[in-house]
Amino acid sequence: MSIHHALLPSRALIALGGEDWRSFLQGLITQDVETLAAGEARFAALLTPQGKLMYDLFVVGQAEGCWLEVEAEHREALIQRLKMYRLRAKAEIAADETPVSALWGGPAPAQDEWVTDPRLPGLGFRSYGASLPATDDEEDYDAHRLELGVPGPADWGFEQTYPIEANFDLLGGIDFKKGCFIGQETTSRMKRRGQIKTRMLPINFDGEGPAFGSEILAGTLRAGEVLSGMDGRAMASLRLDRIAGELTADGWEVRVERPDWMAADQPPPLS
């Protein structure tokens, strides 16, 4: 089994410290940080008050404070938002230029700079400032993630998607026992009532396939929308009550796949 290591230039870090950093962050994001240990990463999100996804996060414990791994293009906006929420909390917030990378396809090197990806074992490890030479690029990593059926930021967008629709609850991105966070009411209600009508699932097709944003049809009924992908495979936002039959998108036949890690959610059986 070959080991792959790719730099992820689309990701960047925010350093968070100060004596109040835990209590400050605890009330904002979907993940518990009170029990976060140094060298541990947890998947999380910052939501709108209405419960929609703004920013996905990896919270990485440090000896003092933590790193927030975020989309590089949104880092400055997130820093400004965190400063707005800080009020009188003793929390230090600053950009950190340590590079982000991912390793998959084998065991982690015996180095302290690697942390386990908290979403799925198959996704491998994250690293911050790794000394290991890169063997792949970010496109290769995205192909690996897509092969596992895990959505990414290009799929959920900004203030467009509820985190449960993007499978954050199944990928360890929401702690429903931690107490309050921004957008908690809507998120908890969706989970509690079990009325999850839409989820992101991978789809397969022959050839280049339909373009991003193409409507997916079950006969004449709208079943969903094609999201990011590559030849032969893409993510899609799908209505779970309309995916059991034949589906088409922009003239292409598409086949829905339910990854093994989604088994606990039990969406309707696929034909």
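See the structure printed just above.
Residues numbered from 1 in each chain as written. Predicted model: local features only at pLDDT ≥ 70, side-chain atom pairs only at ≥ 80, totals over all residues. Heavy atoms only, no water.

Participant: What should I look at first to understand the pattern of salt bridges in this one?
Facilitator: Working definition: two side chains of opposite charge can pair if their charged atoms are close together. Enumeration over the complete set of coordinates arrives at 19 salt bridges. When the shortest N-O distance is used, the salt bridge between D206 and R255 registers 3.4 Å. Here D206 is found in the loop between β10 (198-204) and β11 (215-218), whereas its partner R255 is found in strand β15 (residues 252-256), with 49 residues between them in sequence. By relative accessible area, which is 57% here, D206 ends up exposed. Residues E225 and R222 are paired through a salt bridge, measuring 3.7 Å at the closest nitrogen-oxygen approach. (Salt bridge = Lys/Arg side-chain N within 4 Å of Asp/Glu carboxyl O. Helix = DSSP H or I, 4+ residues; strand = E, 2+ residues; numbered from the N terminus. Buried < 20%, exposed > 50% of the residue type's maximum accessible area, 1.4 Å probe, protein only.)

Participant: What's the story with the sheet that holds strand β7 (residues 100-104) in this structure? I'm lost.
Facilitator: What the 4 strands build is an open sheet, ordered β1-β7-β9-β8; its pairing is antiparallel. The open sheet has two edge strands, β1 (4-7) and β8 (114-116), and neither has a second partner. The mean angle between the axes of side-by-side strands here comes to 25 degrees, regardless of whether they run parallel or antiparallel. Judged from the 3 bridges that link them, β8 and strand β9 (residues 125-128) form a sheet pairing that is antiparallel. By the bridge assignment, V115 is partnered in β9 with R126. Running over the sheet, helix α3 (residues 138-147) touches β1, β7 and β9 and is turned about 50 degrees from β7. (Pairing = 2+ DSSP bridges. Axes fitted to C-alpha atoms, helices over the stretch in contact; angles between N-to-C directions. Contact = heavy atoms within 4.5 Å.)

Participant: Sorry if this is basic, but what is going on with the environment of F181 here?
Facilitator: With respect to the helices, strands and loops of the structure, F181 is situated in the loop between α4 (153-156) and α5 (184-193). Residue F181 is classed as buried on the basis of its relative accessible area, which comes to 6%. For the pair F181 and G27, spaced 154 residues apart in the sequence, the C-alpha separation amounts to 4.9 Å. Leaving out residues up to four positions away in the same chain, F181 has contacts with G27, L28, I29, T30, L47, I174, D175 and T187.

Participant: Would you explain helix α2 (residues 75-86) in this entry?
Facilitator: Residues lying three or four places apart along an α-helix face the same way, a consequence of the helix completing one turn every 3.6 residues. Taking 1.5 Å per residue, 12 residues should reach 16 Å; α2 reaches 16 Å between its end C-alpha atoms and fits that length. Of all the positions in α2, only R75, L78, I79 and L82 are classed as buried. Here the buried residues of α2 occupy an arc of 105 degrees about the axis, which is enough to place them on one side. Considering only its buried residues, α2 is in contact with β2 (11-17), α1 (21-26), β3 (41-47), β4 (53-61), β5 (66-71) and β6 (92-96). Where α2 ends, the next residue or the one after it, L87, has phi of about 50 degrees, a positive value. (Expected span 1.5 Å × (residues − 1). Arc of directions from axis to C-beta.)

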